[in-house]
Amino acid sequence: AVETSELVAFVRVVDAHSFSRAAQELALPRATLGRRIARLEERLGTQLLRRTTRSLVLTDSGETFYRHAQLVLE
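Residues numbered from 1 in each chain as written. Predicted model: local features only at pLDDT ≥ 70, side-chain atom pairs only at ≥ 80, totals over all residues. Heavy atoms only, no water.

> Before we go on, may I ask you to explain helix α3 (residues 30-44) in this structure?
Residue pairs spaced three or four apart in an α-helix point in one direction, given the helix's 3.6 residues per turn. For α3, which comprises 15 residues, the first-to-last C-alpha distance of 21 Å matches the rise-based estimate of 21 Å (1.5 Å per residue) to within 8%. Restricting attention to buried positions, one finds in α3 the residues T32, L33, I37, L40 and E41. Among the residues trailing α3, G45 stands out with phi positive, at a value near 70 degrees. (Helix = DSSP H or I, 4+ residues; strand = E, 2+ residues; numbered from the N terminus. Expected span 1.5 Å × (residues − 1). Buried < 20%, exposed > 50% of the residue type's maximum accessible area, 1.4 Å probe, protein only.)

Laid out in structure tokens, this is it:
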């Protein structure tokens, strides 16, 4: 089962286009946020985000999951 904190973390990272900014907004250490996203990806068995040092891009699975996560959180 996916935890609400993981959904919130994922949506915030996508909206902020940044782990650092999302961590700041959620008042969490960046490492904690990273672990939540990693745990979420592990549970779902798919990569949601492609991360490079300069960018964050949703995978196809990530885009689909993002839309569902937004609905659930509303």
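Here the narrative resumes, following the displayed structure.
> Looking at this model, I keep getting lost on the layout of surface pockets. Mind explaining?
Take a probe with the size of a water molecule and roll it over the atoms, and the empty space left behind shows itself. The volume enclosed by the largest pocket comes to roughly 160 Å³. Here the lining of the largest pocket is composed, by residue class, of two nonpolar, six polar and three charged. (1 Å grid on protein atoms, 1.4 Å probe; cavity = no way out; pocket = protein on both sides within 12 Å on 5 of 7 lines; lining within 4 Å. Points joined across faces, edges and corners; volume = space filled by probe spheres on them. Nonpolar A, V, L, I, M, F, W, Y, C, P; charged D, E, K, R; others polar.)

> Help me understand helix α4 (residues 60-73), please; the structure alone is not making it clear to me.
Its 14 residues give α4 an end-to-end C-alpha distance of 20 Å, which sits within 8% of 20 Å, the value for a rise of 1.5 Å per residue. Those residues of α4 lying buried are G62, F65, Y66 and A69. Along the long axis of α4, the arc covered by the buried residues comes to 115 degrees, so they all point the same way. Exposed and oriented more than 90 degrees from the buried face of α4 are D60 and L71. (Arc of directions from axis to C-beta.)

> Quick question: what am I supposed to make of the nonpolar core here?
Generally speaking, soluble globular proteins have nonpolar side chains that are buried together. One finds F10, V13, L33, I37, L49 and F65 to be the most contacted residues of the largest nonpolar core, which totals 18 residues. When contributions to this core are tallied by element, the ones reaching two or more residues are α1 (4-16), α2 (19-26), α3 and α4. Counting residues per element, this core draws most heavily on α1, which supplies seven residues. With near-sequence residues (within four places) excluded, L49 lies in contact with F10, V13, V14, F19, I37, E41, L56, V57, L58 and T59. (Core = buried A, V, L, I, M, F, W, Y, C linked by side-chain atoms within 4.5 Å. Contact = heavy atoms within 4.5 Å.)

> What's the story with the environment of G62 in this structure? I'm lost.
Relative to the elements of secondary structure, G62 occurs in helix α4. Separated by 39 residues in sequence, G62 and A23 have C-alpha atoms that sit 19 Å apart. Ignoring sequence-local partners within four residues, the contact set of G62 consists of F10, Q47 and L48.

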